[in-house]
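Tertiary structure, described
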Amino acid sequence: MRELRIGNVLWRHARAALGNVLRVPRVGSREIRHRSLPACLPALRRPAHRAALHPRRRAVLCSLSPAVPAVPAVSACSAGLAVPAVPAPTRSAPFAPLLRPRPCCPVCFCFGVARLDGGWGHELGWVGRWLGEVFGVRSRGVGSLMFHEVAVVSREIASEDGRTAKAELVAGCLRRADPAEATVLVAYLAGALTQRQIGVGPAALRALPEPAGTPSLTLLEVDTALEAVGTTTGAGSQAARRALIEALFARATAVEQRFLIGLLVGEVRQGALDGVMADAVARAAEVPVTAVRRALMLRGAAGPVAAAALAGGEAALAAFTLEVGHPVRPMLAASAPDVPAALTKLRAKDPDARVALEWKIDGIRVQIHRDGDHVAVFTRSLDDITTRVPELVEAVRVLPVRAVVLDGEAIALRPDGRPHPFQITASRTGTHDAARLRADTPLTVYLFDALHVDGADLIDRPGAERWAALEALAPAELLVPRLVTGDDAAADAFFADAVAHGHEGVVVKSSDTPYTAGRRGAGWVKVKPRHTLDLVVLAAEWGHGRRRGTLSNLHLGARDPGGHGFVMLGKTFKGLTDELLAWQTERLQELAVRRDDWTVWVRPELVVEIAFDGLQTSTRYPGGLALRFARVLRYREDKTAAEADDMDTVRALAAGD
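Residues numbered from 1 in each chain as written. Predicted model: local features only at pLDDT ≥ 70, side-chain atom pairs only at ≥ 80, totals over all residues. Heavy atoms only, no water.

With that settled, the discussion passes to the pattern of salt bridges. Scanning the model with the defined rule gives 29 salt bridges in all. As a salt-bridge pair, Glu-149 and Arg-176 come within 2.2 Å of each other at their nearest N and O atoms. One end of the pair, Glu-149, is in helix α8 (residues 147-159); the other, Arg-176, is in the loop between α9 (163-175) and α10 (179-189), with 27 residues separating them in the sequence. Of the residues examined, Arg-176 reaches a relative accessible area of 11% and is grouped as buried. Where Arg-466 meets Asp-449, a salt bridge forms, and the shortest distance between an N and an O atom there is 2.7 Å. On the criterion of sequence distance, the pair formed by Arg-466 in helix α21 (residues 463-473) and Asp-449 in strand β6 (residues 443-453) is long-range, its members being 17 residues apart. A single network of salt bridges, built from pairs that share partners, joins Lys-360, Glu-504, Lys-528, Asp-613 and Arg-631. (Salt bridge = Lys/Arg side-chain N within 4 Å of Asp/Glu carboxyl O. Helix = DSSP H or I, 4+ residues; strand = E, 2+ residues; numbered from the N terminus. Buried < 20%, exposed > 50% of the residue type's maximum accessible area, 1.4 Å probe, protein only.)

Here the focus is the sheet that holds strand β7 (residues 456-457). Taken in spatial order, the five strands make up an open sheet running β4-β3-β5-β6-β7, and their pairing is antiparallel. The open sheet has two edge strands, β4 (374-379) and β7, and neither has a second partner. For strand β5 (residues 403-412) and β6, the ladder comprises nine bridges, and the chain directions are antiparallel. By the bridge assignment, Leu-406 is partnered in β6 with Ala-450. (Pairing = 2+ DSSP bridges.)

Turning to its location among the elements, Arg-388 is positioned in the loop between β4 and α18 (390-397). Buried and without a salt bridge, Arg-388 has Asp-383 as its closest oppositely charged side chain, separated by 7.6 Å. With sequence-adjacent residues up to four places away left out, Arg-388 is seen in contact with Arg-428, Thr-429, Gly-430, Thr-431, His-432 and Ala-434. (Lys, Arg positive; Asp, Glu negative; His and termini not counted. Contact = heavy atoms within 4.5 Å.)

With that out of the way, let us pick up the environment of Thr-513. Mapped onto the secondary structure, Thr-513 falls in the loop between β9 (505-510) and β10 (520-527). According to the relative accessible area criterion, Thr-513 is buried, its value standing at 11%. With eleven residues separating them along the chain, Thr-513 and Trp-524 place their C-alpha atoms 8.3 Å apart.

Now for the side chain of Glu-504. Counting through the fold element by element, Glu-504 comes out in the loop between α22 (488-500) and β9. You can call Glu-504 buried: its relative accessible area is 12%. Side chain to side chain, Glu-504 and Lys-360 meet in a polar contact 2.6 Å long. In contact with Glu-504, not counting residues within four places along its chain, are Lys-360, Ile-361, Asp-362, Val-527, Lys-528 and Pro-529. (Polar contact = N/O pair within 3.5 Å; in protein donor to acceptor, adjacent residues only side chain to side chain.)

Turning next to the confidence of the model for the chain. Per-residue pLDDT for the chain has a mean of 77; in total, 76% of the residues score no lower than 70. Confidence drops under pLDDT 50 across residues 1-143; counting only partners more than four residues distant or on other chains, this segment forms 234 contacts. (pLDDT = per-residue confidence, 0-100.)

Residues Leu-174 and Tyr-188 are the most contacted members of the largest nonpolar core, which totals 125 residues. In this view, Leu-174 contacts Ala-182, Leu-185, Val-186, Ala-280, Val-281, Ala-284, Ala-306 and Leu-310; residues no more than four positions away in its chain are not counted. Grouped together as the second largest cluster of nonpolar side chains are 29 residues, Leu-580, Val-608, Leu-615 and Tyr-635 included. (Core = buried A, V, L, I, M, F, W, Y, C linked by side-chain atoms within 4.5 Å.)

A few words now on the packing of α8 against helix α13 (residues 254-265). In contact at an axis separation of 9 Å, α8 and α13 are set at 70° when each is read in the N-to-C sense. Classified by the angle between their axes, α8 and α13 sit roughly perpendicular to one another. Crossing angle aside, the handedness with which α8 passes α13 is left-handed. In contact with Phe-147, His-148, Val-150, Ala-151, Val-152, Ser-154 and Arg-155 of α8, α13 contributes Val-255, Glu-256, Arg-258, Phe-259 and Leu-260. Tallied by class, residues from the contact of α8 with α13 come to seven nonpolar, two polar and three charged. (Axes fitted to C-alpha atoms, helices over the stretch in contact; angles between N-to-C directions. Parallel < 35°, antiparallel > 145°, perpendicular 65-115°, else oblique. Left-handed = near helix turned anticlockwise from the far one by under 90°. Nonpolar A, V, L, I, M, F, W, Y, C, P; charged D, E, K, R; others polar.)

Its identity as a non-glycine residue notwithstanding, Asp-454 has a phi of 45°, on the positive side. You can see Asp-454 is positioned in the loop between β6 and β7. With relative accessibility at 44%, the residue Asp-454 sits in the partly exposed group. Positive phi, close to 55°, is recorded for Phe-629, a residue that is not glycine. By secondary structure assignment, the location of Phe-629 is in the loop between β18 (625-628) and β19 (631-635). Look at Phe-629 and you get partly exposed, because its relative accessible area is 45%.

Moving on: the packing of aromatic side chains. One pass over the full model with this rule turns up five aromatic pairs. Centroid distance Tyr-515 to Trp-524: 6.0 Å. Interplanar angle 85°. Geometry classified as edge-to-face. A relative accessible area of 1% places Tyr-515 in the buried class. Trp-524 sits in the buried class, given a relative accessible area of 4%. An aromatic cluster is built from Phe-147, Tyr-188 and Phe-259, whose rings are joined through pairwise contacts. (Phe/Tyr/Trp six-rings, centres within 6.5 Å; stacked < 30°, edge-to-face > 60°.)

Let's shift gears to helix α12 (residues 237-250). Here α12 spans 20 Å end to end across 14 residues, near enough to the 20 Å set by a 1.5 Å rise per residue. Of all the residues in α12, the buried ones are Ser-237, Arg-241, Ile-245, Leu-248 and Phe-249. Here the buried residues of α12 occupy an arc of 100° about the axis, which is enough to place them on one side. Looking at the buried side of α12, the elements it contacts are α11 (219-231) and α13. (Expected span 1.5 Å × (residues − 1). Arc of directions from axis to C-beta.)

Let us now look at the pairing of strand β2 (residues 355-360). For β2, a buried count of six out of six residues is recorded, marking the element as mostly surrounded by other parts of the structure. Examined bridge by bridge, β2 and strand β8 (residues 482-485) share four bridges and lie antiparallel to one another. Within β8, the residue paired with Val-355 across the bridge is Thr-485. Across six bridges, the pairing between β2 and β9 is antiparallel. When the sheet's bridge partners are listed, Lys-360 is paired in β9 with Gly-505.

As structure tokens, this is what we get:
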């Protein structure tokens, strides 16, 4: 073993060669960006700052001064830490010392005594970039990303309002991750587990161990532990799962525990969704964001796309193609308040353009893949429901085609052709007893797009071509009702007819737009009739993320016509501006009658106008009905609670639906 103490002179030379590599990531609401070693050291005496510092940078500081206590998170190095002897170069491998795994710190790497993992090309300036290009190595991390760092970054993302700032925070974390870690990292920062669900709910998270004092968990260790929890079944599994959870939480710091709880109960709400992730991956991998978005569209998951981009750049992203049997994210529609507004959107470039209108079916979005006799059916969230919808499998299996990918809606219809309530249709995907339910509530499929037909990908073709391909292979009874017109009056009449048949409205489509999967493309615009009710605010819940500190989620009720108070119909936090949030937080606290950690109950005095898409039966609320997709339009300060709508009005609307 050999040890070497690097002094300030060598430090200046290293810094001159590498640039400013000691940039401490954000900690809490502060951001430290010191450019000299003497200025770095005092700031890093605080444990929170040391823990947030990346291990490679921490190793440099620990080796240069005893003022910064060491945290054993990286390999030893010759900049003051003991390392095993490095083999001398040979004729056949002149750079062998640089190609051994696990680099230690930028200072050692600069002077040829570190062991290059190939992961510093992005972070080190011209030296690391040049060596990365020479050896063709693109890895960007050291394979041991700390879970604490991910938890801190998640907290910072939640505190940011702007999409650009969120994307840069995610990108900064991705730059320090190996491709193998990227899949887990992207999932966690989006608020999801890689296993999706592992059967752990709030009840299992009571009486947790005290948090650890210092971070020790890596990102992959956490993912492995959660995988073990999810796969533990059989006799004694409940106790075994509990033991695994307690062991994991015992190693987690307070910050990590809070983040873990949020992941497990689905409460990580910080706005790091698809758009932010696409921007972040593009920044971290230095690839065009359009290439990332297309790969996301075709792969359906951000994690594998991030891993590919970090490992292979734009070439790896180009390898993603549409595969029959592997679902892609569905194309979504923008919204318009009425048909004329939708037509105006689509005719912005050509006022005389003909458009297509299709019924908007209130069913289950399905993507159907067929390869020979094998048929698979996926939902909007890409879940496989093939065994639960046998009638859809049978309908597609008889089409005159060998390989096809179709987009459509499945819905349960009454004998008169009108749709059942959405919950009845949705119940078909929630049970495996398809044979029994099929007899009671058979499903009808309405197809409206073709993404692939017999070896030809159609997603980049205009909408008119895709419809022609669909029309050529599917019988009329499987196609959604459709009208192509340039007549505004005919478009309005088609909308009225769809609503009269009990459907949600229409989707107005451009004839030349491609299939932009996973995005609200400008070529599709949905129009639905808007219902409104004047309801009373009964309570409000404290917000999360950027709404932390404000009363956000409103409990809404209608008057009981018998004079017995108010009947709750649902909750909503949508439609609230920052100004309205601030106003209602102050006003509702003035009306508070009791509260707990999550909710403030108020005197029923405030009337709010609520827009919603429909009503559905509910066993949760005492009135037996619940609002669907409710959002706030405005507060009605001109009305008293006695003038709010009552349950008779609500039931009449439900009967009309």
